[in-house]
Structure formats: C-alpha cells, structure tokens
Amino acid sequence: MKRSRTAALLLMSTAPLLLTACDRSESASREGLYTSVEACVAQTNDSATCRQAFAKAQQDATASAPRFANREACEASYGKEQCAERSDGANHSFFGPLMTGFFLSQMMSRNGVAANGFNSAPAFRDSNGGWQRPAAGAGGVYRGGTGTAMVPVNATPNRAVTVSRSGFGSSGSSRGIGG
Amino acid sequence: MRRIATAERPDWRAKAAACGFGFHTIDDAPYWDESAYYAFTLREIEDGIEAPTEELHAMALDMVERIVGSEQHMQQLAIPEPYRDWIAQSWRERQPHLYGRMDFAYGGNGPAKLYELNYDTPTSLFEAAFFQWQWLEDQLARGQLPAGSDQFNSIYESLVEAFGTIARGIARPFHFAAVRDSAEDQGTVAYLRDCALQAGIDCGTLAIEDIGVSADGRFTDLDDQVIGCLFKLYPLEDMFRESFGACLPRSGLQLIEPPWKALLSNKGILPLLWEAHRDHPNLLPAEFDGGGELPRGWVRKPLHSREGANITMHLDDGRELRTDGPYRDGPCIRQACHPLPGFDGHYPLIGSWVVGDRACGIGIREDDSLVTRDSARFVPHAIVEEARGVLIA
C-alpha cells in the first residue's frame, strides 16, 4: 500500500477523532543541563540518577560528538584546548570536542515524583559560549549521515521585552506566498 | 498515466468544511477539482517518480555541502553576504528540515523532468496529504474507483514520524507562522501544526506580522516570550530583505525550514545540479542567465520566483509565453524548454513530496496553459493497475 493507513486530524476537524498518539497532558518532564554531577544533585536531589546520566553521557560523547579531520578545524568551532583525538573503534581517528556538560530529562508524574528511567545526552560548548547537544538520531524518515548533527540549546532567559513588531511580512499578500 | 473524468462526491463541500479546508474555491474560481483524476500504474509511480525523487533529493543535499564551501556559488545564488556564514553554520549543524516538494513534468512516457525544488515554503500540502486521501477512500467506498485502487500518499504518516524524530531537536517555545490574511497559508500551517501535535509536540501559532524583536535582537511572540523555534511559511529570501532580517543570524532563533534551505529553494541550484550531473535523465539542461536574448527552446526563470511568476518561455515553434509577477529585477537562470504533457487541453504538473528525506507522495496541479500559475487546480490521483487483458472463456 502506498498510502497512509489513517489520516487523522486533531484540531482541524469539527468531528472528534480517536487518536492512537499517547496523551501526555497528565505528565510533565523535567529537563536540565548540568556541568557536573554535583550541580545535578543540587537541583534534583537524586544522586543515583545524576551519576548514571553523567556516565551514560560520557559514554555517548565519542559516538555523538561532531567529527573533524584535524585539531585546528575542531578548535575553530569549540575553542582552544577543547578538543581531543578519538577513535571510532575501527581504527579511524578524528577530533571531537570535549564534553562540557550533560542533559538529563525525566518524565514526572502528577504528584511531582520522577518516573523510573531517564534520558541523558552529552552537551558541548562552542567557542561563542553557546551550548549544543546531539540532534535526535537519524533513521526512519531521515537518512543517516556521517557524524551527528548538533542542535543549539537556548540556555538564556526566555522572556524579553518586545521593542518592535511587524518587521516581517511586508512581502506577503492575502494570496499567500505560494510555492 | 491517464486523465479520467469521474463523478464528484455529492457531499465534498460539506466534507471540506468539516475539516477546515476553506480554500477549495479561491476568488470564486475552483481550486480543488475532483471532476477528474489522474490514474497511474504502480510502476509509473515507483520507477517514474518515487525513485527519481529520492535520488534527486540526495543529489541536492550533496550540493548544499559544495555550495556552503564556495563563495562563488553563494554569489551565483545571490545569497546576501551577511547571511552566508549563518547559512553555512546551519548546514554544518545539520539543523533539522521538515519537508519539500519537487515539481516534475511527467506524462508516463520517458523520464520525469525536474522543473524546480520548492524546498522552503511548499504549499498544497493539506490537500495532497489529507483531502486527496479522503477522496480516494470515499470513492473506493462508493465504487467510483476500481477495487484495490491505491494512492502514492503516505505524506501524513511521514509528517508525524518526522516531527516525532526531530522533536528533541526543536527549541521551545515552538510556533507556526504564516501571513495573517492568507487563508491558504494559514490552512497549510494549521495542518502542519496538527501533525506536530499528533507527534506530541507542544506548539502554538503566530502571524508573521506579529513577530516582535527585543532590544537585544531576539524574536518574541505576543506574550514577550522569546521564540525558540519558528516554523515560517514565509520565504527566507524575503525575511533577509525585510527590516527584522538583520537580527536573524545573531538572534539564536531556530528556523524550520532551516537557513540552508535558502540554497535549495533557489533556482540557481538547477544549473549547479546540471553542471555536476550532466545528462542525468531527470534533469533539464540549465545555466545561469547572462542576459541577452533568450533562444528558442529555453525558459528564463528568476532565482526566486514562486507560483510561476515572471517566467519567459521561448517555445521551439517561436512562440513566446510570458507571465507577469513581482520578481522583475533579480538574477535569472535558463532551463531547456520541456513543455508539460497535455491531457485534453489540461497540463498537469506533478508535485512530488519529500518529508524528512523520504519521497512519500504526490499532488497534481493542473492548468490550462503550459505555465502552472497560482490559478492551477488541484486534481487528485490514484494508482490503478492496467487491466491485464485476461480472456475468460
């Protein structure tokens, strides 16, 4: 079959539709970026999980860090002394940034208790001081590539006073942008 | 490939209303047209469209790698200087992309020929992914299509899967934005947002005109929240030119489609692809336009034209077709003229959808002229196996 098995609408439809997607409205997640196990424990009060998350992130750092052919290229993106030579186990060596922190995310139940299990990922700091982490794994609808994509992490405060609006949209029309 | 006249569903307007498909008729002219459909064989779909789409998509991504390493190519594509490093960085980080649409001339005979990549702001998504799918199911149920008919259309499943895959790489808060007064664009982002919600991603909507900027150059929503990621159904090259554009590279804003898509939604990609893959069966000869007279057998297209605007076509028989539009001054390319196939005076253009990196469906726009304009109608399709000609004694 070359077509979708279903084609559900969630909000656009006037008729209620049954969905198979899981309802996440009753749980929340807690996510943090930590530079050390100690910082993690101070925030979460959960030293076992913090230690495991750190260890897993460190283990994943080689495989998921961006790869560079030489030290200079790596240091250009991540700064002096922030890169190390690594090997992928098949005798291919390359350079990658040192892990400078780790992410920990946990699902929280309604009463605020962390559920079993966690996700962790290594974090890297680029030469501009911005935090990055590996993108979600390739596969499925996305083809695999060499090395892993890095995504920026917005670690700055998330509110800002707006001083101006309508700086985008002057080329638009009611007929739309088309394409 | 055949064009088959068929009876409309008597209740299709009510069905359109029930799913929020308000732009099926635009300025009193029909846009959704189910008085006919295009019938393909499975072979035409898989060998003629699906496989070439995946191959061309891979070639296009490889080309991005070459363009970001070349000031000359950036210049040829007229990428404004202040955005070049930002675009290159977005590619090095492989900032996640969602979707694109390739436009093909294809009539079932000979290879599909690539007209262009709509890789930044493709529309006609909802009608391809949802309403066309519903049409097929309804017409199968009504016995209007041969039993076992199928459709090349897993666009919906691929979109939900793609959102689920990139969910962790999407900065929050995540907003979908389109031009406020465009029903068609608003319908497209409403559908994309619906798919994102089904993938479990919390997200909102915002008019492009309502985006704000703070004193330190970050982009904000109407609640003064700094926007983490913006899906913008708005051309990157227009954002570059407008007053907030200068803030983009240092704003920390994540965009979908990401900045590197500016290299693919640009018709300059066509001569670069031709140069790298000369005589590829799915590519048309193309070159950058140095001005001067357009010889017979060539088409001139601006780098950034959308919806068939500002195209000049000099046919082999000497006729010249021109379309009007807003893209008068920019640089252009030339592409060998390969007219759309005609089906009883109708000229279908095949939009082949790529979600993530997967070719996952088509939508057909049909016009009464060789240039597919924004007036073109959307006509559904089905995969129908040819009668095998078995004689029953």
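What you see is a predicted model, and the numbers here were worked out from it, not measured in a lab.

Bringing the overall build of chain A into the picture now. When helices and strands are tallied, chain A shows three helices and eight strands. Reading the helices (α) and strands (β) of chain A from amino to carboxyl end gives β-α-α-α-β-β-β-β-β-β-β. Put simply, chain A has 179 residues, and 36% of those count as buried. Counting only contacts in chain A whose residues sit at least 6 apart along the sequence, the fraction spanning at least 24 positions is 49%.

Right, let's talk about the overall build of chain B for a bit. Across its full length, chain B carries nine helices and 21 strands. Relative to the compact-globule value of 21 Å for 393 residues, chain B shows a C-alpha radius of gyration of 21 Å, a close match. Across its three principal axes, chain B shows a C-alpha extent of roughly 80 × 50 × 35 Å. Counting every position in chain B, which comprises 393 residues, the buried fraction comes to 65%. Of the roughly 14,300 Å² that chain B leaves accessible, carbon and sulfur atoms contribute 48%.

This part is about the state of the cysteines. One pass over the structure, following the stated rule, counts two disulfides over all chains. The disulfide partner of Cys74 of chain A is Cys83 of chain A, and the S-S distance across this bridge is 2.1 Å. Note on the Cys74 of chain A and Cys83 of chain A pair: the S-S dihedral is about -85 degrees, so by sign convention the disulfide is left-handed. In chain A, numbering the disulfide-bonded cysteines from first to last in sequence yields the connectivity 1-2, 3-4. We note that Cys19 of chain B lacks a disulfide partner, and the nearest cysteine sulfur, in Cys195 of chain B, lies 13 Å from it. Note on Cys203 of chain B: no disulfide assigned, nearest cysteine sulfur contributed by Cys229 of chain B at a separation of 10 Å.

Another aspect to go through is the side chain of Gln151 of chain B. Summarising the element assignment, Gln151 of chain B is placed in the loop between helix 5 (125-141) and helix 6 (155-166). A relative accessible area of 0% means that Gln151 of chain B is categorised as buried. Every residue in contact with Gln151 of chain B, bar those within four places of it in the chain, is listed here: Lys2 and Arg3 of chain A together with Gln132, Trp133, Trp135, Leu136, His381 and Ile383 of chain B.

Let's shift gears to the packing of aromatic side chains. Residues and elements named next belong to chain B. If you walk through the whole model with that rule in mind, you get 26 aromatic pairs over all chains. Look at Phe163 and Phe176: their rings are 6.1 Å apart centre to centre, the planes differ by 70 degrees, and that puts the pair in the edge-to-face class. Taken together, the residues Phe163 in helix 6 and Phe176 in strand 7 (residues 174-178) connect sequence positions 13 residues apart. Aromatic pair Phe174 and Phe176: ring centres 4.8 Å apart, planes at 50 degrees, arrangement tilted. Take Phe174 and Phe176: they sit in the same class, and that class is buried. Grouping aromatic residues by their ring pairs yields a cluster made of Phe21, Phe23, Tyr31, Trp32, Phe126, Phe130, Phe131, Tyr191 and Phe378. The ring of Phe131 has Arg9 lying over it, and the distance from NZ or CZ to the ring centre is 5.1 Å. Stacked on the ring of Trp91, the Lys or Arg Arg94 has its end atom at 4.1 Å from the ring centre.

Read from one edge to the other, the open sheet built from three strands follows the order 8(A)-9(B)-10(B), with strand pairing classed as antiparallel. Whereas interior strands pair on both sides, the edge strands pair on one side only; in this sheet they are strand 8 (162-165) of chain A together with strand 10 (219-220) of chain B. Pairing analysis gives two bridges linking strand 9 (residues 212-214) of chain B to strand 10 of chain B, with the strands arranged antiparallel. Note that in strand 10 of chain B the partner of Val213 of chain B across the bridge is Phe219 of chain B.

Attention now moves to the interface of chain A and chain B. Taken residue by residue, the interface counts 57 residues in chain A and 94 residues in chain B. In total, chain A and chain B occlude about 6,200 Å² of area from one another, counting both sides; carbon and sulfur atoms represent 51% of this. Inspection of the chain A/chain B interface yields six salt bridges. Residue Asp224 of chain B is joined to Arg165 of chain A by a salt bridge in which the shortest nitrogen-to-oxygen separation is 3.4 Å. Applying the counting rule to chain A against chain B returns 32 residue pairs in polar contact (both at pLDDT 80 or more). Looking at the side of chain A that touches chain B, the elements that each hand over two or more residues are strand 6 (131-134), strand 7 (150-153) and strand 8 of chain A. With four residues, strand 8 of chain A is the largest single contributor of residues to the side of chain A that touches chain B.

This next bit is on the packing of helix 5 of chain B against helix 6 of chain B. Axes are the key here: two packed helices are described by the angle between their axes and the distance separating the axes. Residues and elements named next belong to chain B. Helix 6 packs onto helix 5 with a crossing angle of 115 degrees between their chain directions and a minimal axis gap of 8 Å. When the axes of helix 5 and helix 6 are compared, the pair comes out roughly perpendicular. Of the residues in helix 6, those in contact with Leu125, Ala128 and Ala129 of helix 5 are Ile155, Tyr156 and Leu159. Class assignment of the residues belonging to the contact of helix 5 with helix 6 gives a composition of six nonpolar, no polar and no charged.

As for its placement among the helices and strands, His314 of chain B is situated in strand 15 (residues 312-314). Beyond its immediate stretch of four places on either side in the chain, His314 of chain B contacts Leu294, Pro295, Arg296, Gly297, Trp298, Arg319, Glu320 and Cys337 of chain B.

Once that is clear, we can look at the pairing of strand 5 (residues 99-105) of chain B. All names here are of chain B. With seven of seven residues buried, strand 5 is to be regarded as a mostly interior element. On strand 5, burial covers both faces: Tyr99, Arg101, Asp103 and Ala105 on one face and Gly100, Met102 and Phe104 on the other are all buried. In this structure, strand 5 lies alongside strand 18 (residues 347-355), joined through six bridges in antiparallel fashion. Paired with Phe104 across the bridge in strand 18 is Ile350. With five bridges joining them, strand 5 and strand 6 (residues 113-118) adopt antiparallel strand pairing. Its bridge partner lying in strand 6, Asp103 is registered against Glu116.

A word on the pattern of salt bridges. Residues and elements named next belong to chain B. Considering all chains together, one arrives at 33 salt bridges over all chains under this definition. We note a salt bridge from Arg218 to Asp216, for which the minimum N-O separation is 3.2 Å. Each of Arg3, Asp33, Glu366, Asp368 and Arg377 takes part in salt bridges that share partners, so that together they form one network.

Rules behind the numbers
Residues numbered from 1 in each chain as written. Chains lettered and ligands numbered in written order. Predicted model: local features only at pLDDT ≥ 70, side-chain atom pairs only at ≥ 80, totals over all residues. Heavy atoms only, no water. Helix = DSSP H or I, 4+ residues; strand = E, 2+ residues; numbered from the N terminus. Buried < 20%, exposed > 50% of the residue type's maximum accessible area, 1.4 Å probe, protein only. Contact = heavy atoms within 4.5 Å. Rg over C-alpha atoms; globule rule 2.2 N^0.38 Å. Areas by Shrake-Rupley, 256 points an atom, 1.4 Å probe, with all protein chains shown as cover. Disulfide = S-S within 2.5 Å. Phe/Tyr/Trp six-rings, centres within 6.5 Å; stacked < 30°, edge-to-face > 60°. Lys NZ or Arg CZ within 6 Å of the ring centre and 35° of its normal. Pairing = 2+ DSSP bridges. Buried area = accessible area lost by both parts, 1.4 Å probe. Salt bridge = Lys/Arg side-chain N within 4 Å of Asp/Glu carboxyl O. Polar contact = N/O pair within 3.5 Å; in protein donor to acceptor, adjacent residues only side chain to side chain. Axes fitted to C-alpha atoms, helices over the stretch in contact; angles between N-to-C directions. Parallel < 35°, antiparallel > 145°, perpendicular 65-115°, else oblique. Nonpolar A, V, L, I, M, F, W, Y, C, P; charged D, E, K, R; others polar.

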